[in-house]
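Observations on the model geometry
Read off the chains here:
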Amino acid sequence: MTKIIRKEALNDSIIRITISDQDIACHAKPGQFAILRVNSNGERIPLTIHNVNGNDVSFIYQIVGRSTYELSKLEVGDDIEDVCGPLGKPTEIDGVKKAIVIGGGAGSAIAYPIAKALKDKGADVTSILGFRNKDLIILEKEFSDVSKLYITTDDGSYGVHGLVTNVLKDLIEKDDYDSVYAIGPLIMMKYVALTTKDKNVKTIVSMNPIMVDGTGMCGGCRVSVDGKIRFACVDGPDFDGHKVDFDETIKRNNFYKAFEREDYDNVKHNCNLFKEVK
Amino acid sequence: MNNRVIMPTQDPNVRKNNFNEVALGYSKEDAIIEASRCLHCKAKPCVSGCPVNIDIPEFIQKIKEDNIDEASRIINEASLFGRICGRVCPQEHQCEAKCVRGIKGEAIAIGNLERFVSDNAHLIIPTPKKANGKKVAIVGSGPSGLACAYDLAKEGCSVTIYESLHATGGVLRYGIPEFRLPKAIVDDEVNKLKALNVNICTNKVVGKTIFMEELQRKYDAIYVASGAGLPKFMGIEGENLNGVYSANEFLTRINLMKSYEASPTPIYHARNVCVVGGGNVAMDAARCALRLNSENVYIVYRRSQKEMPARLEEIHHAQEEGIIFKMLTNPVKILGDDNFQVKGIECIKMELGAPDASGRRSPVEIKGSNFVLDVDCVIMALGNTPNPILTNSFPALQTEKHGCIVVNEEQKTSIDGIYAGGDIATGAATVILAMGAGKKAASSILNYLKTH
């Protein structure tokens with residue numbers, strides 16, 4: 001059992017929670033994740049570690065299904081059944097002098113510790129964050145503090161009208177960068193990798209396949225990298241974006257969509273019924 | 001008297017629709033009749049066949065005398081986990097293989113008797129010796145770690161087990177299905193250790209959450225029993241299609257995450273399933289698939305049934321339930337539809353050639369014998385390799401080329417004070433061999449602690 005010590009909504013569907021866990025706090029590095037189970041019947045969900053401060057460990061998540069919905073119902077002082085981490089390999093940042101960090105939607109939460117770590121190591125960091133519209137923007141101040149920040153919105157309601165790849169293309173045309181880090185929806189990471197491929201800028205993507213144990217045991221999170229099977233939980237989650245088969249992971253991530261949709265609808269429905277009874 | 005008392009089981013047509021235990025256990029009458037078949041030979045060959053050397057004729061004698069608690073005490077001297085071993089040990093290759101009765105007729109059903117005693121005796125947890133002030137860390141709460149913890153705690157050591165999953169038991173929890181080993185029994189057995197003041201920390205991945213160097217500073221000795229957790233794939237076309245599982249994933253979703261009940265963890269309910277492999281894990285996966293209401297479940301194995309490494313009882317139970325065995329058959333590629341979903345598996349027929357290094361006749365492809373099985377799910381049960389998280393984070397520990405930790409006959413590793421055993425040292429083996437290694441490690445650790 002792990003208590004939630006802080007909770008704040010960053011927008012309508014994205015929430016930041018903080019727990020206190022000495023083991024995770026002592027050992028976590030940027031790019032690593034943890035596995036959470038919300039309750040005793042809960043599924044194991046991987047969430048990337050957003051920030052560590054003393055023994056405080058925070059996660060930012062978007063409500064996308066039953067488990068994140070149930071997590072969102074827990075308040076400060078409530079217990080999360082299980083938290084296990086840090087897992088996966090840390091993001092490689094050593095020796096990088098000039099980098100672009102790209103976050104898409106809730107992926108910005110995961111991109112933040114990488115931008116911060118690069119900045120702390122003295123790198124010149126430019127960030128590009130993409131959102132559907134102005135209301136969904138998160139972490140603008142945090143990113144501004146550690147990097148030169150561009151924000152794009154799909155509808156043009158804030159910042160640059162368009163996609164992160166529009167800004168990225170301009171930046172790499174004009175200047176040389178050691179590395180590009182991209183975290184967000186698979187389709188975004190795919191197009192980031194395609195954009196940087198021509199100029200052969202090293203591009204690291206953080207893969208988010210379906211996962212069960214997170215310790216290499218089940219192989220459900222396998223991704224094809226350079227034609228070989230790799231497990232995102234132990235070999236990743238970061239991989240060379242120019243070698244990842246994004247289309248395969250996109251299809252694999254759809255495997256349980258129908259079940260998950262129905263399960264989520266049932267839980268929301270029951271929750272509303274419960275409210276009516278009260 | 002040449003034949004053993006048959007173990008009652010759930011009717012195959014009923015049990016294939018539920019996850020309740022298949023074998024129902026002996027009644028007291030059954031047990032006494034079976035026990036009375038024991039010849040009590042002086043040499044006790046059965047004991048030498050038991051990896052933890054339970055005094056088998058002694059406990060059988062106590063069954064005859066209707067003294068179940070005393071029989072249980074005798075088993076507990078060697079093993080606390082009779083309820084588990086009585087269910088999952090491959091007795092036909094161990095104690096029962098050595099039974100003199102087996103020369104003319106059937107060996108004594110030692111496993112069934114062990115299960116009867118352990119299920120029915122009053123639980124007596126031995127009082128641990130006075131605390132000796134020594135602290136030992138155990139990595140992994142699978143059979144090997146549990147056995148080691150028991151022997152160390154009994155002798156007065158302060159024992160802490162680090163478990164990476166949210167639940168204890170390792171393969172007993174995530175691998176072996178409820179219908180073969182009810183999870184309530186795993187809970188009971190683990191609780192016995194808690195009664196001996198063994199401290200169990202779940203959600204701690206050694207090599208990630210906490211490092212070996214930290215354990216070395218905090219403890220006087222360490223036993224690494226982190227298991228062989230990494231699934232193998234064949235490397236054939238179509239293995240990443242939706243509907244292809246490793247047996248580990250399929251079984252973990254079912255056994256650990258309870259996806260066959262109301263659970264947020266999904267599992268694919270397939271119409272037709274092909275399980276690839278011939279071990280106990282393949283049998284478990286096939287029989288789980290059947291219980292998810294699949295119409296046809298095939299087991300595809302490249303050798304003949306004689307070479308199958310699975311326990312005889314599991315093969316027998318699987319066949320009774322209607323699993324279709326396709327022997328001397330090997331997958332060539334997995335076929336997918338437009339939605340990236342498995343729609344079939346292409347196989348080739350095999351024949352047995354000359355014996356290979358393992359002494360088994362190696363299978364050779366019969367050219368042109370390819371055919372397609374119409375399935376929408378494929379489960380790869382090809383064995384597991386050691387989980388590299390711990391060894392990668394602690395390269396000082398000597399490993400061999402397959403990633404197993406190198407140990408001597410005392411289970412000692414290349415580093416003073418660190419011992420290892422079970423599947424992380426041997427590669428995938430059996431529950432009881434892992435327990436045997438845990439006990440041997442405990443005895444070596446106790447010796448080591450006398451001078452350290």
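Sequence positions are assigned chain by chain, starting from 1 and proceeding in written order. Whichever chain is written first is A, and whichever ligand is written first is 1; the rest continue in order. Given that the model is predicted, a residue must reach a pLDDT of at least 70 before its local features are reported, and side-chain atom pairs must reach 80 or more before they are shown or counted; all residues, however, enter totals for whole chains, interfaces and linings. Where side-chain values are given, they derive from all heavy atoms of the structure, hydrogens and water being excluded.

As for the packing of aromatic side chains
All names here are of chain B. The condition is simple: Aromatic rings from Phe, Tyr and Trp, with only the six-membered ring used for Trp, were paired whenever their centres fell within 6.5 Å, and each pair was classed as stacked if the ring planes differed by under 30 degrees, edge-to-face if by over 60, and tilted otherwise. A run of DSSP states H or I qualifies as a helix once it reaches four residues; a run of E qualifies as a strand once it reaches two. Both are numbered from the N-terminal end. Buried means the residue's accessible area, taken with a 1.4 Å probe over protein chains only, is under 20% of the maximum for its type, while exposed means over 50%, and partly exposed covers the values in between.
Taken as a whole and judged by the stated rule, the model has 12 aromatic pairs over all chains. Where phenylalanine 19 meets phenylalanine 179, the ring centres are 6.2 Å apart and the plane angle is 50 degrees; that geometry is what we call tilted. Taken together, the residues phenylalanine 19 in the loop between helix H1 (12-15) and helix H2 (28-35) and phenylalanine 179 in the loop between helix H10 (171-174) and helix H11 (183-195) connect sequence positions 160 residues apart. Phenylalanine 19 gets classed as buried once you look at its relative accessible area, which sits at 8%. On the basis of an interplanar angle of 85 degrees and a centroid distance of 6.2 Å, the ring pair of tyrosine 162 and tyrosine 219 is categorised as edge-to-face.

A closer look at the interface of chain B and chain A
Definition in use: Contact criterion: two residues are considered in contact whenever any of their non-hydrogen atoms come within 4.5 Å of each other. Buried area is understood as the total, over both parts, of accessible area removed when two parts are fitted together, assessed with a 1.4 Å probe. The working definition used for a salt bridge is a side-chain nitrogen of Lys or Arg within 4 Å of a carboxyl oxygen of Asp or Glu. Here a polar contact means two N or O atoms within 3.5 Å. Within protein one must be a hydrogen donor candidate and the other an acceptor candidate, and residues neighboring in sequence count only if both atoms are side-chain atoms.
The interface is formed by 40 residues belonging to chain B together with 39 residues belonging to chain A. Interface area for chain B against chain A, summed over the two sides, is near 3,400 Å², with a carbon-plus-sulfur share of 58%. When residues of chain B are sorted by the area they lose upon contact with chain A, B:Lys208, B:Asn240 and B:Pro264 head the list and together hold 21% of the total. The tally of links between chain B and chain A comes to one salt bridge. Notably, a salt bridge pairs B:Lys204 with A:Asp23, separated by 2.9 Å at the nearest N-O pair. At the junction of chain B with chain A, the criterion picks out 20 residue pairs in polar contact (both at pLDDT 80 or more). Only strand E5 (230-231), strand E6 (244-246) and helix H13 (247-256) of chain B provide two or more residues apiece to the side of chain B that touches chain A. Looking at the side of chain B that touches chain A, the element that brings in the most residues is H13(B), giving four residues.

Comments concerning the packing of helix H14 (residues 280-291) of chain B against helix H15 (residues 312-321) of chain B
All names here are of chain B. As a reminder of what qualifies: Inter-axis angles, ranging from 0 to 180 degrees, are taken between N-to-C directions of lines fitted to C-alpha atoms, where helices are fitted over the stretch in contact. Orientation is classified from the angle alone, with under 35 degrees giving roughly parallel, over 145 giving roughly antiparallel, 65 to 115 giving roughly perpendicular, and any other angle giving oblique. Each helix crossing is assigned a hand: it is left-handed if the near helix lies turned anticlockwise from the far helix by less than a right angle, otherwise right-handed if that turn is clockwise. Each residue is assigned to one of three groups, with Ala, Val, Leu, Ile, Met, Phe, Trp, Tyr, Cys and Pro labelled nonpolar, Asp, Glu, Lys and Arg labelled charged, and all others, Gly among them, labelled polar.
At a minimum axis distance of 10 Å, the contact between H14 and H15 shows a crossing angle of 25 degrees. It follows that H14 is roughly parallel to H15 by the angle criterion. Our pair here, H14 against H15, has a crossing hand that is left-handed. Together, Asn280, Met283, Arg287, Leu290 and Arg291 of H14 and Glu314, Ile315, His317, Ala318 and Glu321 of H15 make up the contact between the two elements. Among the residues forming the contact of H14 with H15, the class breakdown is four nonpolar, two polar and four charged.

Concerning unusual backbone geometry
The linkage connecting A:Gly85 with the following residue, A:Pro86, adopts the cis geometry, with an omega of -5 degrees. Looking at the element boundaries, A:Pro86 is found in strand E7 (residues 82-87). Cis peptide bonds are those with omega within 30 degrees of zero, and the linkage from A:Gly236 to A:Pro237 qualifies with 10 degrees. Within the secondary structure, A:Pro237 is located in the loop between helix H7 (232-235) and strand E16 (238-240). At A:Leu139, a position not held by glycine, the phi torsion is positive, near 60 degrees. At B:Phe340, a position not held by glycine, the phi torsion is positive, near 70 degrees. Mapped onto the elements of the fold, B:Phe340 is located in the loop between strand E10 (329-336) and strand E11 (342-355).

Describing the sheet that holds strand E9 (residues 324-326) of chain B
Sheet strands associate in pairs through backbone hydrogen bonding, adopting either a parallel or an antiparallel arrangement. Residue and element names in this part refer to chain B. Quick note on the threshold: Strand pairing follows a simple DSSP-based rule, namely that at least 2 bridges must link the two strands.
The parallel open sheet is built from five strands, whose spatial order is E6-E14-E7-E8-E9. The open sheet has two free edges, formed respectively by E6 and E9, since each of these has just one partner strand. Averaged over neighbouring strand pairs, the angle between their axes works out to 20 degrees when direction is ignored. When strand E7 (residues 272-276) meets strand E14 (residues 377-380), the two strands line up parallel, connected through four bridges. Across the sheet, the residue bridging to valine 275 is isoleucine 379, located in E14.

Things to note about a negative patch on the surface
All names here are of chain A. Selection rule: To count toward a patch, a residue needs a relative accessible area over 30% and no salt bridge; like charges are then connected within 9 Å, while nonpolar side chains (Val, Leu, Ile, Met, Phe, Trp, Tyr) are connected within 5 Å. For the accessible areas, the method is Shrake-Rupley and the probe is 1.4 Å, while residue cover comes only from the protein chains on display. Charge assignment: positive for Lys and Arg, negative for Asp and Glu; neither His nor the chain ends contribute. Charge positions come from single atoms, namely NZ of Lys, CZ of Arg, CG of Asp or CD of Glu.
Taken together, Asp12, Asp135, Asp154 and Asp155 make up a surface patch of like negative charges. Its location among the elements puts aspartate 154 in the loop between strand E10 (148-153) and strand E11 (160-161). The exposure class assigned to aspartate 154 is partly exposed, which follows from its relative accessible area of 41%.

A few points about the domain arrangement of chain A
All names here are of chain A. Operational definition: For every domain, the bounds stem from an assignment made automatically or drawn from a database.
Taken domain by domain, chain A comprises domain 1 (2-87) and domain 2 (98-250). Domain 1 and domain 2 are separated by 21 Å when their C-alpha centres are compared. When domain 1 packs against domain 2, the two sides together hide about 1,600 Å² of surface, and 66% of this comes from carbon and sulfur. Looking only at domain 1, the three residues that lose the most surface to domain 2 are Phe33, Arg44 and His50, adding up to 28% of its buried area. Across the contact surface, domain 1 and domain 2 share one salt bridge. Close ionic contact of arginine 16 with glutamate 142 constitutes a salt bridge, the shortest N to O distance being 3.5 Å. In this assembly, domain 1 and domain 2 are joined by five residue pairs in polar contact (both at pLDDT 80 or more). Every element with two or more residues in the side of domain 1 that touches domain 2 is listed here: strand E2 (14-20), strand E3 (33-37), strand E4 (45-53) and strand E5 (56-62). Broken down by element, the residue count for the side of domain 1 that touches domain 2 peaks at four residues, all from E4.

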